[in-house]
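Read off the chains here:
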Amino acid sequence: MTASELVSSDLQTAPPPTRPRPVIGVAVVGLLLTTVGVALMVVVLTRLRDYNKDNAASTIVGVVFVLASVYPLWPSLLSFAAARKRATLLREEQLVPARRASAAGREEAFIAMGYAAAAVIVAGLLLMAFANSGGVVQTFFNAHAWRASFPESIRAFWTNVWAAVVAQVAVLIFGLLLAIMRMLPGRAGAPLRMIAVAYCDIFRAIPAIVTILLIVFGVPLAFHSTASWNPVWLGILALSMTYSAYVAEVYRSGLASIHPSQSAAARSLGLSYTQTLRTVLVPQAIRRVIPPLLNDFISLQKDTALLSVAGIPEVLETSQLWQAKLFIMAPVTLAAFFFIIITIPQARFVDYLIRRDDRRRGH
């Protein structure tokens, strides 16, 4: 008896074909969510128009929001059409086309749900902004307060920018030195390894705001010559000390990710340990850790606002002075916008580097 005769329809029957998944349920959910989004946007239009006293520009903006929220209706209607097509094909026992119609309909329903959910979220945020008769907008987004505080705030923000740049350069150098100290081989490197480990543990444990207070107010007491320094330099020193501990771990992970055969091959060619680090290990490690390094630098850019606790005239302290003068929080919101404008491009650049690295690795 041959193998083909052995596996017959009597011994192994074909499984019954499965019916395609239903569409109507997700289509109804998409339609309901779209309706909620449109209704909320209509309420937003009303609140926006009332807050601006029927101003034409605000009415146009509100209408644009409403029209944008209507878009999910189209994929929602397409999902209902696909549901009807699926039912028709099932009655005709055309399972394969019915499955295609079901998949297309469910995809359209999920598209409608996604856009409608986004409309609901945006509408909820806008309604929160116009709550209490526009009190939130008046307090946090007051255009008059922005115009009044903008000149001093932008000059103070320059302090945040150059403090972050100088600190980043210092962190790159000192963090790499700490990482190398933590990886020194043998008993000769044990004391330096212990010092590097203790440094990283301590400064990762102490909040940055505490380090800033200790350095800015403590260093002039220990070293009288620093009393005449600009406090910004002491703040930069504090930030550099804190972030060097984090960056050292990033460097160390990059160095540890390089296969030991790289180091062994370099040493077999006659390179010393220092030459191996400089020409083989460190260049590869830096390329691998660029995205996490830039993420740490984004955090460092934001933490320059902590310099305000030491009385350093940066953007947050300036905005707080304007807040006390105008009795509203809009100047602080303006300071937040400055950080958003400078931070988001850095975040997108990190995403680009990660995608480029994935493409290079063939992922």
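Conventions adopted
Residues numbered from 1 in each chain as written. Predicted model: local features only at pLDDT ≥ 70, side-chain atom pairs only at ≥ 80, totals over all residues. Heavy atoms only, no water. Phe/Tyr/Trp six-rings, centres within 6.5 Å; stacked < 30°, edge-to-face > 60°. Helix = DSSP H or I, 4+ residues; strand = E, 2+ residues; numbered from the N terminus. Expected span 1.5 Å × (residues − 1). Buried < 20%, exposed > 50% of the residue type's maximum accessible area, 1.4 Å probe, protein only. Polar contact = N/O pair within 3.5 Å; in protein donor to acceptor, adjacent residues only side chain to side chain. Contact = heavy atoms within 4.5 Å. Salt bridge = Lys/Arg side-chain N within 4 Å of Asp/Glu carboxyl O.

Student: Explain the packing of aromatic side chains residue by residue, including any values.
Tutor: For any pair of aromatic rings, geometry is given as the distance between the ring centres together with the angle between the planes. Following the criterion strictly, the structure yields 12 aromatic pairs and no others. Members of the aromatic cluster, joined through ring pairs, are F150, F157, F338 and F339.

Student: Which residues make up helix α13 (residues 315-326), and what values go with them?
Tutor: Under the 1.5 Å per step criterion, the end-to-end length of α13 is 16 Å for 12 residues, consistent within 8% with the ideal 16 Å. Along α13, the residues classified as buried are V315, E317, T318, S319 and W322. One side-chain oxygen of the residue at the start of α13 lies 3.0 Å from the amide nitrogen of L316, identifying that residue as E314. Among the residues trailing α13, F327 stands out with phi positive, at a value near 65°.

Student: I'd like to hear about the environment of R21, residue by residue, with values.
Tutor: Among the structural elements, R21 can be located in the loop between α1 (3-6) and α2 (24-51). Note on R21: relative accessible area 55%, which makes it exposed. Placed 291 residues apart in sequence, R21 and I312 show a C-alpha to C-alpha distance of 63 Å. With sequence-adjacent residues up to four places away left out, R21 is seen in contact with R86, S102 and R106.

Student: Would you mind going over the pattern of salt bridges in detail, with residue names and values included?
Tutor: Under the criterion given, the structure shown has 4 salt bridges. E249 serves as the salt-bridge partner of R182, at 2.4 Å between the closest nitrogen and oxygen. Highlighted residues: R182 in helix α7 (residues 143-182) and E249 in helix α10 (residues 231-256), separated in sequence by 67 residues. Put simply, R252 and E249 hold a salt bridge, and the shortest N to O gap is 2.9 Å. Within this pair, R252 and its partner E249 are both found in helix α10, separated by 3 residues, close to a single helical turn. Here R252 falls in the partly exposed class, since its relative accessible area comes to 28%. In the salt-bridge network here, residues are joined through shared partners; they are R182, E249 and R252.

Any functional reading would require information that these geometric values do not contain.
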